[in-house]
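# An overview of the molecular structure
Below, each chain spelled out in residue letters.
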Amino acid sequence: QVQLVESGGGLVQAGGSLRLSCSASGSIANLDTMAWYRQAPGKQRELVAAITNGGRTNYVDSVKGRFTISRDNAKNTVFLQMNSLKPEDTAVYYCKAQRVTSRSVTYDYWGQGTQVTVSS
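Residues numbered from 1 in each chain as written. Predicted model: local features only at pLDDT ≥ 70, side-chain atom pairs only at ≥ 80, totals over all residues. Heavy atoms only, no water.

Turning our eyes to something else, we now look at the overall build of the protein chain. When its secondary structure is counted, the protein chain shows zero helices and 11 strands. Reading the secondary structure of the protein chain in the N-to-C direction produces β-β-β-β-β-β-β-β-β-β-β. Taking 120 residues into account, the globule formula puts the C-alpha radius of gyration at 14 Å, and the protein chain, at 14 Å, falls close to it. Dimensions of the protein chain, computed from C-alpha atoms along their principal axes, come out at roughly 45 × 30 × 25 Å. The buried share of the protein chain, taken over its 120 residues, is 40%. With an accessible surface of roughly 6400 Å², the protein chain has 45% of that area assigned to carbon and sulfur atoms. Charge separation in the protein chain, taken as the distance between the mean sites of 13 positive and 8 negative side-chain charges, equals 3 Å. (Helix = DSSP H or I, 4+ residues; strand = E, 2+ residues; numbered from the N terminus. Rg over C-alpha atoms; globule rule 2.2 N^0.38 Å. Buried < 20%, exposed > 50% of the residue type's maximum accessible area, 1.4 Å probe, protein only. Areas by Shrake-Rupley, 256 points an atom, 1.4 Å probe, with all protein chains shown as cover. Lys, Arg positive; Asp, Glu negative; His and termini not counted. Charge placed at Lys NZ, Arg CZ, Asp CG, Glu CD.)

Written out as structure tokens, the structure reads:
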């Protein structure tokens, strides 16, 4: 079982920056993909950014060039650096870890979320 705790959310003005952290209770070196999702009021949860254990990343188009995901396996932490924030980035941000076993069984673990609010 993996427990994830997000931190770093808050209130920021448009154009500002925040850095989200997701700390895992155990080693993330054995986890395949770490990702950040977000959910705005009245909207579905969407994938924001993901990073594989090999360091391959992907981003939703709306954050490309502004957000950067990274992982530090030694510190069991995943980060989301968010620059040039826009009001439409306002949402609860969730960290997700995924582990795929040798028998291709997938386990997903979620954090409790951290609120990001961007004022105009």
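Let's pick the thread back up.
Among the nonpolar cores identified, the biggest contains 30 residues, and Leu 4, Met 34, Trp 36, Leu 80, Met 82 and Tyr 93 are the most heavily contacted of them. Of all the elements in the fold, those that place two or more residues in this core are strand 3 (18-24), strand 4 (33-39), strand 5 (46-52), strand 7 (67-72), strand 8 (77-82), strand 9 (91-100) and strand 11 (114-119). If we ignore the near neighbours within four places in the chain, the residues touching Tyr 93 are Glu 6, Leu 20, Trp 36, Tyr 37, Arg 38, Val 48, Phe 67, Leu 80, Met 82, Gly 113, Thr 114 and Val 116. (Core = buried A, V, L, I, M, F, W, Y, C linked by side-chain atoms within 4.5 Å. Contact = heavy atoms within 4.5 Å.)

In total, this model carries five salt bridges according to the counting rule given. Linking Arg 66 and Asp 89 is a salt bridge whose minimum nitrogen-to-oxygen distance equals 2.8 Å. Within this pair, whereas Arg 66 is found in the loop between strand 6 (57-59) and strand 7, its partner Asp 89 is found in the loop between strand 8 and strand 9, the two being separated by 23 residues in sequence. Accessibility expressed as a relative area gives 1% for Asp 89, which makes it buried. Between Lys 96 and Asp 108 there is a salt bridge, with the nearest N and O atoms lying 4.0 Å from each other. With Lys 96 in strand 9 and Asp 108 in strand 10 (residues 106-110), the pair connects residues that are 12 residues apart, well separated along the chain. Under the relative-accessibility criterion, Asp 108 is labelled partly exposed at 39%. Bridged by salt links that share partners, the residues Arg 38, Glu 46, Arg 66 and Asp 89 form one connected network. (Salt bridge = Lys/Arg side-chain N within 4 Å of Asp/Glu carboxyl O.)

A polar contact of 2.8 Å, which involves the side chain of Asp 89, links it to the side chain of Arg 66. Of note is the side chain of Asp 89, whose polar atom sits 2.8 Å from the backbone nitrogen of Lys 86. Other than its neighbours up to four places away in sequence, Asp 89 contacts Arg 38, Arg 66, Phe 67, Ser 84, Val 116 and Val 118. (Polar contact = N/O pair within 3.5 Å; in protein donor to acceptor, adjacent residues only side chain to side chain.)

Structurally, Asp 61 is set in the loop between strand 6 and strand 7. Residue classification places Asp 61 among the exposed positions, given a relative accessible area of 59%. In this structure the C-alpha to C-alpha distance between Asp 61 and Arg 45, which are 16 residues apart in sequence, comes to 15 Å. Looking at Asp 61, its side chain comes within polar contact range of the side chain of Lys 64, at 2.9 Å.

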